[in-house]
Amino acid sequence: MGIKTVQIPESYFGEGYQLTSLDKVLGLARANSIWPLPFATSCCGIEFMATMGTNYDLSRFGMERLSFSPRQADLLMVMGTIAKKMGPILKQVYTQMAEPKWVIAVGACASSGGIFDTYSVLQGIDKVIPVDVYVPGCPPRPEQIIDGVMKIQELVKNESPLRRRNSPEYQHLLEKYQIG
Ligand code: SF4
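Note that the structure is a prediction, hence the values are computed from the model and not measured.

Novice: I keep staring at unusual backbone geometry and nothing clicks. Help me out?
Specialist: With the exception of glycine, most residues fall at negative phi, and the peptide bonds are largely trans. In this structure, P100 follows E99 across a cis peptide bond, with omega equal to -10°. Looking at the secondary structure, you find P100 in the loop between α3 (87-96) and β3 (102-106). Of note, the amide linkage connecting C138 to P139 takes the cis form, showing an omega dihedral of -10°. Checked against the element boundaries, P139 lands in the loop between β4 (133-135) and α5 (142-158). For D57, which is not a glycine, the phi torsion comes out positive at approximately 55°. Of note, D57 is situated in the loop between α2 (43-52) and β2 (75-79). Phi at Q178 is positive, roughly 50°, even though this residue is not glycine. As for its placement among the helices and strands, Q178 is situated in the segment after α6 (168-176). Judged by the 8 C-beta atoms lying within 10 Å of it, Q178 falls in the exposed class.

Novice: Help me out: how do you make sense of the sheet that holds β4 in this one?
Specialist: Backbone-to-backbone hydrogen bonds join strands into a sheet, with any given pair of strands oriented parallel or antiparallel. Strand order in this open sheet of four strands is β1-β2-β3-β4, and the pairing throughout is parallel. For this open sheet the edge positions go to β1 (36-40) and β4, each flanked by a neighbour on one side alone. If you compare each strand with its neighbour and ignore which way they point, the axes differ by 15° on average. Where β3 meets β4, three bridges bridge the pair, whose relative direction is parallel. Residue I104 lies in a different strand from β4, and its bridge partner there is V133. Contacting β2, β3 and β4, α5 crosses the sheet at an angle of about 160° to β3.

The rules behind these values
What you see as residue numbers is a count from 1 along each chain, following the sequence as written. Predicted model: local features are reported for residues with pLDDT of at least 70 only, side-chain atom pairs are reported and counted for 80 or more only, and whole-chain, interface and lining totals are derived from all residues. Helix and strand assignments follow DSSP, with helices taken as H or I runs no shorter than four residues and strands as E runs no shorter than two, numbered in order from the N terminus. Here the C-beta atoms are placed from the backbone, and a residue counts as buried if at least 20 other C-beta atoms lie within 10 Å of its own, exposed if 12 or fewer do, and partly exposed otherwise. Any two strands are treated as partners once DSSP identifies two or more bridges connecting them. Orientation is described by lines fitted to C-alpha atoms, with helices fitted over the stretch in contact, and by angles between N-to-C directions that extend from 0 to 180 degrees. Two residues form a contact once the distance between their C-beta atoms, set from the backbone, is within 7 Å.

Read these as layout, nothing more, since geometry by itself doesn't imply function.
Put into structure tokens, the structure is as follows:
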């Protein structure tokens, strides 16, 4: 058997070009320019402050622009104990955010009520809104928060931003939470 030679394609030389889909380009752009809304109610919020500081520097991920206005945010970061009375307010903030949007429950309290297994505390924010990523810990270290953010980025990159709102799974989820 002789050695086969392969012709180098013309596009290999010069500037070249690449083909991809619109979904992938949008996903990449969105994943690297997320605008978080920090909904911080107690100690986990302090860890988030450390995450934004120079040592951990969340702006490396294109996330330095925090939004305290729901309509200009696409990542809701819930950090701290959420009282049941606060549940409807959290839900209102979520519904005011534009699609597509994602949610991280940061720490034990936001994820499950944490140590506060009591009548006044919401036993996890997923009782009132859908959650994409849960970050464990009481409090989680900034590295864990960053890990949660990177998981969100993977999600943003790989799901179709154009179809998320209309997908049957997402519609079902919103119906479940009575969000129209
Ligand atoms: S999980 Fe722990 S550190 Fe975070 S808000 Fe609850 S009690 Fe505070």
